[in-house]
Amino acid sequence: MKTFLYWSALAVLAAGLVILSVIHFSQEDTYQPQNFLYSLDRQWILSGDQHLFDVTQRAFDIAGVNGYKEGRFKWTPLGSNKSPFRPHFVKPEGNATIKADEHVLGVFNGETATAYPLRMLAQHMIVNDETQEGGAMVYFGAAAVSSAAYVMTLEDRKLTFGPTGLTYLRTDLVSDLETESLFLPMTGTFVSGRLLGERLEALPSGLMTLREWLSLYPDSRIMTTNVGQAPMTYPFLDLSARPAAAFAPATDIDAMAVIGVRTGWEASFITLPAREKWKEGQSLLQVGEESFTVHFTADYGGAYVTDSAGALAPSFRTMRWGLERLLPGCRITERGR
């Protein structure tokens, strides 16, 4: 009897070990990183709204990707054929909705200067502005107060963009709506899809109050709250009330906001001071052989960059976290934290 119980126990133990081994190895074989699906020859990222983006060929590490639960539906881009919203512009004397102390993302495209209010960009993330030469894709990520602007034409082909509900290293991934190629606004490069490796021309831009933007470009157009067929309300966006992730305290270096410029493969950034250390002034920024000046405006959060000739330069805003991985070799200098 004892022998029977002994061998029965061994048999049960052996069976348990077999079952655990099968579970272990089957889990290893089918393990999938978050938001990542694959078959024998294809790979996809899954957005929050269960939309698949083909990333079989890509130029980024899949481990750095995260998604918003709402996916693409969290924002609706302005100005694409797939959007019910169309941008509407007025001259300063015809502006009755955007106050002088509101922050805007100002963009200069050749002969056209335009102020895009943050209160609207925060709810759309992207404006596809086809009302100017070459068009302008204007991007603003509200979570990290990141911004950039690009010519939306690539080799005479007009592109339109939309949010994906995905982030890479805490910066937004957006996509060309026609090819669904993923685009990183912080690098200006398509990082997957048919347009992989293509780069867009960055446009001079700066984030500041409307008052400050109009002092630089008095004849600027202003995008107003009358932007389309669907009803939409745009509450005032107060940068001074943004959470610490946008303008972090001095102790949280990685979460601090930065502003910078790129020339070719070189990039240089400077940190934006915390609220209690903010003050108007200028700082020099060297990128390769070129010199730039970063202007910190009187109003908290406003900053822009000019080149050696004093002209507005293409600049980029984001958080410091992950910046060295996005732009290897970039320089980051500190300004009065």
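Note: the structure precedes this text.
Scoring rules and cut-offs
- Residues numbered from 1 in each chain as written.
- Predicted model: local features only at pLDDT ≥ 70, side-chain atom pairs only at ≥ 80, totals over all residues.
- Heavy atoms only, no water.
- Helix = DSSP H or I, 4+ residues; strand = E, 2+ residues; numbered from the N terminus.
- Buried < 20%, exposed > 50% of the residue type's maximum accessible area, 1.4 Å probe, protein only.
- Areas by Shrake-Rupley, 256 points an atom, 1.4 Å probe, with all protein chains shown as cover.
- Phe/Tyr/Trp six-rings, centres within 6.5 Å; stacked < 30°, edge-to-face > 60°.
- Lys NZ or Arg CZ within 6 Å of the ring centre and 35° of its normal.
- Pairing = 2+ DSSP bridges.
- Polar contact = N/O pair within 3.5 Å; in protein donor to acceptor, adjacent residues only side chain to side chain.
- Contact = heavy atoms within 4.5 Å.

*Asks:* I keep staring at the overall build of the protein chain and nothing clicks. Help me out?
*Replies:* Looking only at helices and strands, the protein chain features four helices and 25 strands. Taking all 337 residues of the protein chain together, the buried fraction comes to 51%. Total accessible area computed for the protein chain in this model is approximately 16,100 Å², and 54% of it derives from carbon and sulfur atoms.

*Asks:* I tried to follow the packing of aromatic side chains on my own but got confused; where do I start?
*Replies:* Ring pairs (aromatic) are described by centroid distance and by the angle formed between their planes. Counting across every chain of the model gives 12 aromatic pairs. A ring pair is formed by Phe 89 and Tyr 116, whose centres lie 6.2 Å apart and whose planes are at 85 degrees; its orientation type is edge-to-face. Taken together, the residues span a long stretch of sequence, with Phe 89 in strand S5 (residues 89–90) and Tyr 116 in strand S7 (residues 112–117) at a distance of 27 residues. Overall, the relative accessible area of 0% leaves Tyr 116 in the buried class. Ring pairs connect the aromatic residues Tyr 150, Phe 161, Phe 183, Phe 190 and Phe 316, which therefore count as one cluster. A cation sits over an aromatic face here: Arg 262 above Phe 316, 4.2 Å from the ring centre.

*Asks:* Which parts of the structure should I look at to understand the pairing of strand S20 (residues 266–271)?
*Replies:* Sheet faces and side chains relate simply in a regular strand, where the side chains alternate between the two faces. Counting buried positions along S20 gives five out of six residues, so the element sits mostly inside the fold. Relative to S20, strand S19 (residues 257–263) runs antiparallel, the two being bridged by six bridges. In the strand pairing of S20, Ile 259 is matched with Ile 270. Where S19 folds back onto S20 in an antiparallel hairpin, the turn is made up of two residues, including Gly 264, whose phi is positive at roughly 65 degrees. Across three bridges, the pairing between S20 and strand S25 (residues 331–333) is parallel.

*Asks:* How should the sheet that holds strand S15 (residues 182–184) be read in this particular structure?
*Replies:* One key point about sheets: their strands pair by backbone hydrogen bonds, in either a parallel or an antiparallel sense. Strand order in the open sheet formed by five strands is S4-S13-S14-S15-S16, and the pairing between neighbours is antiparallel. If you trace the sheet from one side to the other, it starts and ends with strand S4 (65–67) and strand S16 (189–190), each paired once. Where strand S14 (residues 171–176) meets S15, two bridges bridge the pair, whose relative direction is antiparallel. Along S15, the bridge assignment pairs Ser 175 with Leu 182.

*Asks:* Explain the side chain of Ser 146 here, please?
*Replies:* By the secondary structure assignment, Ser 146 is in strand S10 (residues 146–151). Accessibility expressed as a relative area gives 3% for Ser 146, which makes it buried. Engagement of the side chain of Ser 146 in a polar contact is seen with the side chain of Tyr 139, the distance being 2.8 Å. Apart from the residues within four sequence positions on either side, Ser 146 is in contact with Tyr 139, Phe 140, Gly 141, Asp 172, Met 186, Arg 317 and Thr 318.

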